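Fold and contact review
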Amino acid sequence: MDAEGESAATTPDVAEYDDDRGVLLRGGYLAEPPAGARAWPEGSDVALQGRLLNEAATDDAILSASSPVAASVVLLDADGQVVEALPLPAGQPVDLSPAGPTVLLRGITGPLTEGASVRLDLVTRESGTLPTSVQVLIEDPAVALR
């Protein structure tokens, strides 16, 4: 399901980053823990999901990202390959997902429980640092029963 089609029940308190610099994060969250788990264990790799939109008149790109809860943060293209930058074409949405492109928190430094809030800074070429806080997705109980 895309970021706009997800219900509030499956994406509680998703990150919404918006300022006058033109790059928006809509419906940003970290993937829910593996089936049956209530937390990502220490050392896990966790993907950012959501939609980035560059509303500026010129193209931009995410050049790097950081989070205090990860040993490192890498940018992945749609093929899952580490890249130096994630392009943000002017006026076009970029959907982030575990299948890529995405921002991947590698080697989390402690368990991340469902609903935990995580600081994540995205650094762009044109817009500078975009600070945000994203939550670990909480599994929707209705979906789990299907």
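Residues numbered from 1 in each chain as written. Predicted model: local features only at pLDDT ≥ 70, side-chain atom pairs only at ≥ 80, totals over all residues. Heavy atoms only, no water.

1. Focus on the overall build of the chain
For the chain, the helix and strand inventory stands at one helix and 13 strands. In sequence order, the chain lays out its α and β elements as β-β-β-β-β-β-β-β-β-β-β-β-β-α. Counting over 146 residues, the chain shows a buried share of 45%. The long-range fraction of contacts in the chain, counting pairs at least 24 apart against all pairs at least 6 apart in sequence, stands at 66%. Approximately 7200 Å² of the chain is accessible, and the part contributed by carbon and sulfur atoms is 52%. (Helix = DSSP H or I, 4+ residues; strand = E, 2+ residues; numbered from the N terminus. Buried < 20%, exposed > 50% of the residue type's maximum accessible area, 1.4 Å probe, protein only. Contact = heavy atoms within 4.5 Å. Areas by Shrake-Rupley, 256 points an atom, 1.4 Å probe, with all protein chains shown as cover.)

2. Quick word on the sheet that holds strand S12 (residues 117-124)
Ordered in space as S8-S5-S12-S13, the four strands form an open sheet in which the pairing is antiparallel. Looking at the sheet topology across the chains shown, the edges are occupied by strand S8 (86-88) and strand S13 (128-135). Taken over all neighbouring pairs, the strand axes of this sheet differ in orientation by 35° on average, direction set aside. Two strands pair when backbone bridges link them, and strand S5 (residues 60-66) and S12 are joined in this way by four bridges, in the antiparallel orientation. Pairing of serine 64 across the sheet is with valine 123, part of S12. (Pairing = 2+ DSSP bridges. Axes fitted to C-alpha atoms, helices over the stretch in contact; angles between N-to-C directions.)

3. Here's the deal with the nonpolar core
Among the nonpolar cores identified, the biggest contains 28 residues, and Leu30, Leu52, Val103, Leu105 and Leu122 are the most heavily contacted of them. The contacts of leucine 30, once residues within four sequence positions are left out, are Val46, Ala47, Leu48, Leu105, Leu112, Val118, Val134, Gln135, Val136 and Leu137. (Core = buried A, V, L, I, M, F, W, Y, C linked by side-chain atoms within 4.5 Å.)

4. Some words on the pattern of salt bridges
Evaluated as defined, the whole model comprises four salt bridges. Arginine 51 is the partner of aspartate 95 in a salt bridge, and the nearest nitrogen-oxygen pair spans 2.5 Å. Here arginine 51 lies in strand S4 (residues 46-54) and aspartate 95 lies in strand S9 (residues 93-96), a separation of 44 residues in the sequence. With a relative accessible area of 37%, aspartate 95 lands in the partly exposed category. Among the ionic pairs, arginine 125 bridges to glutamate 126, the shortest N-O distance being 3.3 Å. Look at arginine 125 and you get partly exposed, because its relative accessible area is 45%. (Salt bridge = Lys/Arg side-chain N within 4 Å of Asp/Glu carboxyl O.)

5. Describing the side chain of threonine 102
Mapped onto the elements, threonine 102 comes out in strand S10 (residues 102-108). For threonine 102, a relative accessible area of 1% puts it in the buried group. In this structure the side chain of threonine 102 is engaged in a polar contact, spanning 2.5 Å, whose partner is the backbone oxygen of leucine 48. Those residues in contact with threonine 102, other than ones at most four positions away along the chain, are Ala47, Leu48, Val74, Leu75, Leu76, Leu86, Leu96 and Ser97. (Polar contact = N/O pair within 3.5 Å; in protein donor to acceptor, adjacent residues only side chain to side chain.)

6. So, the pairing of S9
Of the two faces of S9, the one lined by Val94 and Leu96 is fully buried and the one lined by Pro93 and Asp95 carries no buried residue. With four bridges connecting them, S4 and S9 associate as antiparallel partners. Each bridged residue has a counterpart across the sheet, and for glycine 50 the counterpart in S9 is leucine 96.

7. Side note on the confidence of the model for the chain
Of the residues in the chain, 80% reach a pLDDT of 70 or more, and the chain-wide mean stands at 82. The weakest mean pLDDT in the chain belongs to helix H1 (residues 141-144) at 43; the strongest belongs to strand S6 (residues 70-76) at 97. Confidence drops under pLDDT 50 across residues 1-18; counting only partners more than four residues distant or on other chains, this segment forms 41 contacts. Within the model, pLDDT remains below 50 along residues 141-146, and this stretch shows two contacts once partners closer than five positions in the same chain are excluded. (pLDDT = per-residue confidence, 0-100.)

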